[in-house]
Amino acid sequence: MAKRDLTMEQQLARGPLDLPFLMLAVLLTVIGVIMVFSASYATAINEDRAATYYFARQAIFAVAGLVAMYVTSKINYQQFRWMSIFALGLAFFLLVLVLIPGFHTNRADGVKRWLRVPGIGSFQPSEVAKLGVTLYFAARMSKRQSEKKREYNRRTYSGVILKWLDDIGFMELVPYGLILLAIMILMRLEPHMSGTILVLVPAAAILFAGGVKLRWFGVGIAGVAGILALSMTGYQSTRILVWQDPWAYPRDGGFQIIQSLYAIGSGGLFGVGFGQSRQKQLFLPEPENDFIFSIVCEELGLIGAGLILALFVMLILRGYWIALHARDRFGSLLAVGITTLLAVQVFLNISVVTNFLPTTGISLPFFSYGGTALMIQLVEMGIVLSVSRQIPVTKQG
């Protein structure tokens, strides 16, 4: 019987990939790499580097990421259940390691977000934390209904209280809350507000989709919002003031968002043409990173930027379609967490570059320069594709 079951699992894992999701992910990656070239060559030349420096590095990571996506899609996603604890453990290890002097990149402002890797460069441990939390929460929540109710000694006052808390659904949230609290504390020490938000997003999506009682979900959201508000540092408070009126700070805090708005406004309907951006000529700081969408708007115009947003919308909707049709609860929660993270990250990045929200360091998936982040994003897409392999044939479409 065990051999027969193993064969069945192997056959399920060899189902067809979801082609719409695959094609959209590849298309966005290719467009993103091309836009990195257009947005970065002025910066590279100013730094006495080859014009293709950033493009070449991003292209290499994109190819490696696409290979990693394909390899991940071939893995039976049930294997991610036992991998989840190691992924979460690795995330905690890296979040602690980046705080140790000598391991993080030295910055004048004292921020410790980037972990140095000799021969490769640097990356943010928060990228690993997002994936680790997603895998672990999905694995644990998928077992929620099958776990037996705890037994408490009702003869003691504490036992009665614990039994009552368990009955109203509070006790099941304690492990998740402790994990998120520990991550928030570690990332507060960096500090990394935007990274903290993006770690919390897939966790919240999975808890909500997993059926956590709305009263505790609301209490958790309010509590996290309160903690984030109380932990805001001086420069983060200043960003609120800049957001309200960037033109009141034209040479310091508001400079980047003002240049971003100039770029977006200059694009018009059809754009100034690919490679013809003026704001990337050392006006808009680091245009290949978090503000790359401003260059997209300037060069491709409203129509080009709208088409790219349409591709993101289709990818997100397809991700939720896969979640709805997943073979089991675990696959559904995985797809929900990863797709929600993608959706929120796109929304926040676009909101920041248009000054709809205060400026913060949130990259645009598949577009912003950063090799490790791109590879992890593509691995996440591979996980969703792995889930899609086991959708029953009658539901494919």
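Every chain begins its residue count from 1, and numbering advances along the sequence as written. pLDDT decides what is reported in this predicted model: residues at 70 or higher carry local features, side-chain atom pairs at 80 or more are listed and counted, and totals for whole chains, interfaces and linings draw on all residues regardless. Neither water nor hydrogens contribute to the side-chain values; these are computed over all heavy atoms in the structure.

J.: Just to check I follow, could you spell out the packing of aromatic side chains for this structure?
T.: What describes a pair of aromatic rings is the distance from one ring centre to the other and the angle between the planes of the rings. For Phe, Tyr and Trp, where Trp contributes only its six-membered ring, two rings pair if their centres lie within 6.5 Å, and the inter-plane angle classes them as stacked under 30 degrees, edge-to-face over 60, or tilted in between. Applying the stated criterion to the full structure yields 11 aromatic pairs. Summarising the aromatic geometry, the rings of Phe312 and Phe366 are spaced 6.3 Å apart at their centres and angled 25° between planes, so their arrangement reads as stacked. One end of the pair, Phe312, is in helix 12 (residues 292-324); the other, Phe366, is in the loop between helix 13 (329-353) and helix 14 (371-389), and 54 residues separate them in sequence. Here a set of aromatic residues connected by ring pairs shows up, and it is made of Phe37, Tyr41 and Phe55. Lying over the aromatic face of Tyr53, Arg49 brings its terminal NZ or CZ to 4.3 Å of the ring centre. The positively charged end of Arg318 is found above the aromatic ring belonging to Trp321, 4.1 Å away from the centroid. In this text, helices come from DSSP runs of H or I with a minimum length of four residues, and strands from runs of E with a minimum of two, each type numbered from the N-terminal end. Placement of a positive charge over a ring is assigned whenever Lys NZ or Arg CZ falls within 6 Å of the ring centre and within 35 degrees of the normal to the ring plane.

J.: For this particular structure, what's the right way to read empty space enclosed by the protein?
T.: Sizing a probe to match a water molecule and rolling it over the atoms shows the empty space that remains. A pocket here means an open set of points on a 1 Å grid, computed over the protein atoms alone, that has protein on both sides within 12 Å along at least five of seven lines. A cavity is instead a set of points where a 1.4 Å probe fits but cannot get out; residues with an atom within 4 Å of a point line either one. Grid points are joined across faces, edges and corners, and a volume is the space filled by probe spheres set on the points. Taken as a whole and assessed by the stated rule, the structure comprises 2 cavities of 30 Å³ or more. Put simply, the parts of the chain that give the lining of the largest cavity at least two residues each are helix 5 (125-142), helix 13 and helix 14. The dominant element in the lining of the largest cavity, judged by the number of residues it contributes, is helix 13, at 4 residues. Following the grouping adopted for this structure description, the nonpolar residues are Ala, Val, Leu, Ile, Met, Phe, Trp, Tyr, Cys and Pro, the charged ones are Asp, Glu, Lys and Arg, and the polar ones are all others, Gly among them. Looking at the lining of the largest cavity residue by residue, the classes come out as 6 nonpolar, 2 polar and 3 charged. Computed from the structure, the second largest cavity encloses a volume of approximately 30 Å³.

J.: When you look at the environment of Ala87 in this model, what are you seeing that I'm missing?
T.: Mapped onto the elements of the fold, Ala87 is located in helix 4 (residues 80-97). With 41 residues separating them along the chain, Ala87 and Val128 place their C-alpha atoms 7.8 Å apart. In contact with Ala87, not counting residues within four places along its chain, are Gly132 and Leu135. Whether two residues touch is decided by their heavy atoms; if any such pair falls within 4.5 Å, the residues are in contact.

J.: Is there a simple way to think about unusual backbone geometry in this case?
T.: Residues other than glycine seldom take positive phi values, yet Leu282 does so here, at roughly 70°. Along the chain, Leu282 turns up in the loop between helix 11 (255-267) and helix 12. One non-glycine residue, Asn355, adopts positive backbone phi at about 65°. Along the polypeptide, Asn355 turns up in the loop between helix 13 and helix 14. Accessibility here uses a 1.4 Å probe with only protein chains present; expressed as a share of the type maximum, an area under 20% marks a residue as buried, one over 50% as exposed, and anything in between as partly exposed. Asn355 sits in the buried class, given a relative accessible area of 16%.

J.: How should I be thinking about the nonpolar core in this particular structure?
T.: Most often, soluble globular proteins have nonpolar side chains that are buried together. In these notes, a set of buried Ala, Val, Leu, Ile, Met, Phe, Trp, Tyr and Cys residues joined through side-chain atoms within 4.5 Å is what counts as a nonpolar core. Within the largest apolar cluster, 87 residues are counted, with the highest numbers of intra-cluster contacts made by Phe137, Leu315, Phe366, Phe367 and Met381. The leading source of residues in this core is helix 12, at 13 residues. Excluding residues that lie within four positions of it along the chain, Phe137 makes contacts with Tyr176, Ile179, Leu180, Ala203, Ile206 and Leu207.

J.: Can you walk me through the packing of helix 12 against helix 13 in this structure?
T.: When two helices pack together, you describe them by how their axes are tilted relative to each other and by the distance separating the axes. Here an axis means a line fitted to C-alpha atoms, over the contact stretch when the element is a helix, while the angle between two N-to-C directions is reported on a 0 to 180 degree scale. The contact between helix 12 and helix 13 brings their axes to 9 Å, and the two run at 160°. Comparing their axes, helix 13 and helix 12 come out roughly antiparallel. Two packed elements cross with a definite hand, and for helix 12 against helix 13 that hand is left-handed. Between helix 12, through Phe293, Ser294, Leu309, Phe312, Leu315, Ile316, Gly319, Tyr320 and Ala323, and helix 13, the contact on the second element is made entirely by Ser332, Ala335, Val336, Thr339, Thr340, Leu342, Ala343, Val346, Asn349, Ile350 and Val353. Looking at side-chain class alone, the contact of helix 12 with helix 13 contains 14 nonpolar, 6 polar and no charged residues. Each angle receives one of four descriptions, namely roughly parallel if under 35 degrees, roughly antiparallel if over 145, roughly perpendicular if within 65 to 115, and oblique otherwise. Should the near helix be turned counterclockwise from the far one by less than a right angle, the crossing is left-handed, whereas a clockwise turn marks it as right-handed.

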